[in-house]
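Chain residues, written in single-letter form:
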Amino acid sequence: MESALTARDRVGVQDFVLLENYTSEAAFIENLRKRFKENLIYTYIGSVLVSVNPYRELEIYTKNHMERYRGVNFYEVSPHIYAVADNSYRSMRTERKDQCILISGESGAGKTEASKKILQYYAVTCPASEQVQTVKDRLLQSNPVLEAFGNAKTLRNDNSSRFGKYMDIQFDFKGAPVGGHIINYLLEKSRVVHQNHGERNFHIFYQLIEGGEEDLLRRLGLERNPQQYQYLVKGNCPKVSSINDRSDWKVVRKALTVIGFNEDEVEELLNIIASVLHLGNVQYGGEEGNASITSDTQIKYLARLLGVNGAVLTEALTHKKIIAKGEELMSPLNLEQASSARDALSKAVYGRTFTWLVNKINASLTYTVRNGRYNQLICTNTTHLKFTAFIVFCSFEQFCINYCNEKLQQLFIELTLKSEQEEYESEGITWEPVQYFNNKIICDLVEEKFKGIISILDEECLRPGDASDFTFLEKLEDTVGGHPHFVTHKLADGKTRKVMGRDEFRLLHYAGEVNYNVNGFLDKNNDLLFRNLKEVMCMSENKILTQCFDREELSDKKRPETAATQFKASLAKLMEILMSKEPSYIRCIKPNDSKQSGRFDEVLIRHQVKYLGLMENLRVRRAGFAYRRRYEVFLQRYKSLCPDTWPNWQGKLADGVAILVKHLGYKPEEYKLGRSKIFIRFPKTLFATEDALETRKHSLATKLQAGWRGYSQRSKFQKLKTAAIAIQAWWRGILARRRAQRRREAADTIRRFIKGFIYRHKERCPENEYFLDYVRYSFLMKLHRNLPKNVLDKSWPTPPAALVEASEHLRKLCMQNMVWNYCKKISPEWKHQLEQKMIASEIFKDKKDNYPQSVSKLFVSTRLNGEDINPKVLQALGSEKMKYAVPVTKYDRKGYKARPRQLLLTSSSAIIIEEAKLKQRIDYGALKGISVSSLSDGLFVLHVPSDDNKQKGDVVLQSDHVIETLTKIAICADKINTININQGSIKFTVGQGKEGIIDFTPGSELLVAKAKNGHLSKHSPSSNSIS
Ligand SMILES: Nc1ncnc2c1ncn2[C@@H]1O[C@H](COP(=O)(O)OP(=O)(O)OP(=O)(O)O)[C@@H](O)[C@H]1O
Ligand SMILES: [Mg+2]
């Protein structure tokens, strides 16, 4: 943590305990001065923080600073108010003990600022939920409101708190602020009606007049000029350069909303503030003894603003109700009485409204304790009296404040000096007592029952007869005249008399002498408000006032407690609260009286060092021990740091602690063991131990976590394992049962099968029905898988006996279906082709050898196209349409000479063509028949009638496509049945009754020749490709 900043802080010593010459006041102040010059305003005396008001904004309150101090040990960082705040907070959380931070110092020393810094620190660093955020906001916003109503500009401080404040913040177990409470005491009410020269009334009056909207001021009947109001002109100081009333007004208005004031409440509150200003302007006139109000306007406003009857108010402000012999009489007031009655009313109204305001803020901060405990952290902020080397003249209020300071000093002595030293003695620690002044004697002088100044004052107030401030003074002289700390003009020596009035008494306070002027003591102590004025206020329609002035007060015959007694009681209560907490101290010092930054007024500071008891504090600190704890507490907290004491120490506590500190490596000068406690000299030692504990906590927590995780994982695993085993067993059972079932079924099936097989030839009966069904089923399934793929595929599974008929039906159906599907796909050309093939099949199938080779060859529409035929031929044909043409070989009838010819088929005749000549035309009607051999040759004979002179006899032709050619002729001539397929030989007529014979002999090659017998001989291969 040794940053540049902390290096800078090493000016002088950061802790006075480290001061070499610690008994020297000069050295102490020199250290303060050195640091102050470097703007290092904070220095420690052990754990007490001394703060010097810098009177300038320092860059040490940023969020970064807050973070730097958060959760860090005191000694590790340079002194700061955040360190104190954080330390208290952490002690509260770790030790679960309520804490308090006491901030003291004289007016203007920076107490209020310090308390604000602490609040801001908590607001930023404490954990927060949404609800906590509201509490935080309200805690922060309570400040501007309370300051507006309770602070004023004084000669010493432009923002002087004119009331004692004690604020308590409640934290839940998570360390989040969840509530708060403010106790106020002793508001300086006299300021409402009077201010010393150069001072002001409470801020709120100026804020309202400067910042209030036109509308609002009109409603309240106010003018924007403080000089118009009697209560604001006494100090002749309406404006202060360091205060911006207008912007402060805005802040206050916003704060009121945040705290939870609704518009009506704000309105009523402002009505009261305005009415106090109007009251101040109520002027009296009239004859001596009979005061009357000279202006009506104020009464009119007052009646409206306070919600009372104007006439009744007027009467109450000018008369006093006396009850004589059970009868009520109205006695007129003289001018002086009337003015003081008016002022008393103003003070009462303002004072009670202030208390109401605090209560209202408290209500908004109330934490409803649900379950679980909460800890408190308290900030008190007390105005120290102005003790100077010169004698000051003070009033009743200052008397009370000074008494309060004596009490706080007593508390400080009790908690630090006295009790500490007593403790060392009782614990048997060798110790050289430090001398200090015990102010108990002064406290007793003020507060003792019957003999104390407050008792005497009360007695004077309550006694019948002519009691006055002077009779009070006389009574004091009679009762406490011999007290060493009390002096009056009468009792004083000559030198003192010179600086004392006859109406004064002097108290020798622990820090200086103060003269008190008794004037007004009785009145202020009585704090009486005439009964009829109280009655008027009780009738008010203003809701705030009805809460402030309770009607029961009127019927209560008992005298109310005097101001001093009330104050004493509330102080006693405060002391009690503070005694029960662990205190931290912030001692504020004011560097000069002129509110200037950088000015270090040594005389003023020396005086404050003295009355704040800082030197004694330092001496005790140096000689003493920073930290102590009972053995059991110490052992309980740190036992985990030593194996011998962890987890439990069985022996004597002192021995356990001794072993523990030895293990921790404490040096002999760092600690002492008392009878029941251990004393640790330096915070550093303890902090080191705390750090070790923090680290240890982590490792313990890690071990615990690991153990727990192991345990939970193990049990989780065990559970899973048991579950898995259960599931496995169950599943295996299912599987086994299923298997057994299947086996049973299989055995059944086999048994049935065998039985069925044995009975297969019997009528259908229970024994064979399964088998038969199975056979049928398997046949059908086999069939389903092996259906013929096309019409030519004739395969078909063999059916069992029972399905022969069904199988045949199925086969037909299947075939029909395939045929149907096939036919659907046939094109007209293909149909034509097939028809021709059909005819060819009818004629030649199984009759002519080369027919099978022709089946796979498609018939063409013609073998000769137009360009292959001589145009003259085509011309000769004329309109006759040629249907088919093929090249052929013609054998002469006589010499059987082969001649190439073309055969043309038309719709009416077959024509043989030689080049351009139509050599022979055979009308189909004249075609007697066609002969062809059964062998594989291409020879065929067209028979024509022998008596036809046009014809020259039958025509012997040979075609390479004999099957196609003959089919075409048969179709064109419609002579399908006239084709003769001959084996061996064909007879034909050569003309004029002559006959020719063609002999066919099977041979290895085709040979056509004229045989010796004059026949045409033909060798034909039985399986060659000629067709
Ligand atoms: N830490 C600080 N940093 C800067 N200025 C400061 C600081 N503390 C105090 N001051 C200045 O000193 C002025 C007086 O401080 P503050 O009001 O806290 O005094 P006080 O001790 O509360 O006085 P009183 O007893 O009159 O209420 C502040 O208005 C502010 O200008
Ligand atoms: Mg203050």
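- Looking up the protein in an unreviewed UniProt entry gives the name Myosin Ic, paralog b, with the organism given as Sphaeramia orbicularis.
- Looking at the protein in UniProt, the text filed under Sequence similarities (unreviewed entry) is "Belongs to the TRAFAC class myosin-kinesin ATPase superfamily. Myosin family."

## Some points on the side chain of T989
Alright, step 1. By the element assignment, T989 lies in strand β29 (residues 985-991).
Alright, step 2. With a relative accessible area of 17%, T989 lands in the buried category.
Alright, step 3. Those residues in contact with T989 that lie beyond four places of it in its chain are V944, S946, G953, D954, K994 and E995.

## Topic: a nonpolar patch on the surface
Alright, step 1. On the surface, I750, F753, I754, I758, Y774 and Y777 cluster together to form a nonpolar patch covering roughly 610 Å² of accessible area.
Alright, step 2. Broken down by element, the nonpolar patch gets its largest block of residues, four residues, from helix α30 (residues 683-758).
Alright, step 3. With respect to the secondary-structure elements, I750 resides in helix α30.
Alright, step 4. For I750, a relative accessible area of 51% puts it in the exposed group.

## Considering the sheet that holds strand β18 (residues 627-630)
Whether parallel or antiparallel, the strands of a sheet pair through hydrogen bonds between backbone atoms.
Alright, step 1. Strand order in this open sheet of three strands is β18-β20-β19, and the pairing throughout is antiparallel. Each of the sheet's edge strands pairs with one partner strand only, and the pair in question is β18 and β19 (671-673). Here the average twist between neighbouring strands, direction ignored, is 15 degrees.
Alright, step 2. With four bridges joining them, β18 and strand β20 (residues 677-680) adopt antiparallel strand pairing. Within the sheet, the bridge partner assigned to R629 lies in β20 and is I678.

## Examining the domain arrangement of the protein
Alright, step 1. Looking at the protein, the domain boundaries give domain 1 (627-681) and domain 2 (839-1020).
Alright, step 2. Using C-alpha coordinates to define each centre, domain 1 is positioned 141 Å away from domain 2.

## A word on the packing of aromatic side chains
Aromatic ring pairs are reported here in terms of the distance separating the ring centres and the angle at which the planes meet.
Alright, step 1. Going through the model one piece at a time under the given rule, you end up with 30 aromatic pairs.
Alright, step 2. Ring centres 5.0 Å apart and planes at 15 degrees place the aromatic pair F202 and Y350 in the stacked group. Of the two residues, F202 is situated in the loop between α7 (190-193) and α8 (203-211) and Y350 in helix α15 (residues 335-365); the sequence distance between them amounts to 148 residues.
Alright, step 3. The class for F202 is buried, based on a relative accessible area of 0%.
Alright, step 4. Between F399 and F521 the ring centres are 5.8 Å apart and the planes differ by 55 degrees, which places this aromatic pair in the tilted class. Here F399 is found in helix α16 (residues 396-426), whereas its partner F521 is found in helix α21 (residues 521-526), with 122 residues between them in sequence. One exposure class covers both F399 and F521, and it is buried.
Alright, step 5. Here a set of aromatic residues connected by ring pairs shows up, and it is made of Y61, Y69, Y82, Y89, Y121, Y122 and F171.
Alright, step 6. One residue, K837, lies across the ring of F859, its end atom 4.2 Å from the ring centre.

Each value, and the rule that gives it
Residues numbered from 1 in each chain as written. Chains lettered and ligands numbered in written order. Predicted model: local features only at pLDDT ≥ 70, side-chain atom pairs only at ≥ 80, totals over all residues. Heavy atoms only, no water. UniProt positions renumbered as here; feature names shortened; annotations may be inferred. Helix = DSSP H or I, 4+ residues; strand = E, 2+ residues; numbered from the N terminus. Buried < 20%, exposed > 50% of the residue type's maximum accessible area, 1.4 Å probe, protein only. Contact = heavy atoms within 4.5 Å. Patch = residues over 30% accessible without salt bridge, like charges linked within 9 Å, V, L, I, M, F, W, Y side chains within 5 Å. Areas by Shrake-Rupley, 256 points an atom, 1.4 Å probe, with all protein chains shown as cover. Salt bridge = Lys/Arg side-chain N within 4 Å of Asp/Glu carboxyl O. Pairing = 2+ DSSP bridges. Axes fitted to C-alpha atoms, helices over the stretch in contact; angles between N-to-C directions. Domains from an automatic or database assignment. Phe/Tyr/Trp six-rings, centres within 6.5 Å; stacked < 30°, edge-to-face > 60°. Lys NZ or Arg CZ within 6 Å of the ring centre and 35° of its normal.

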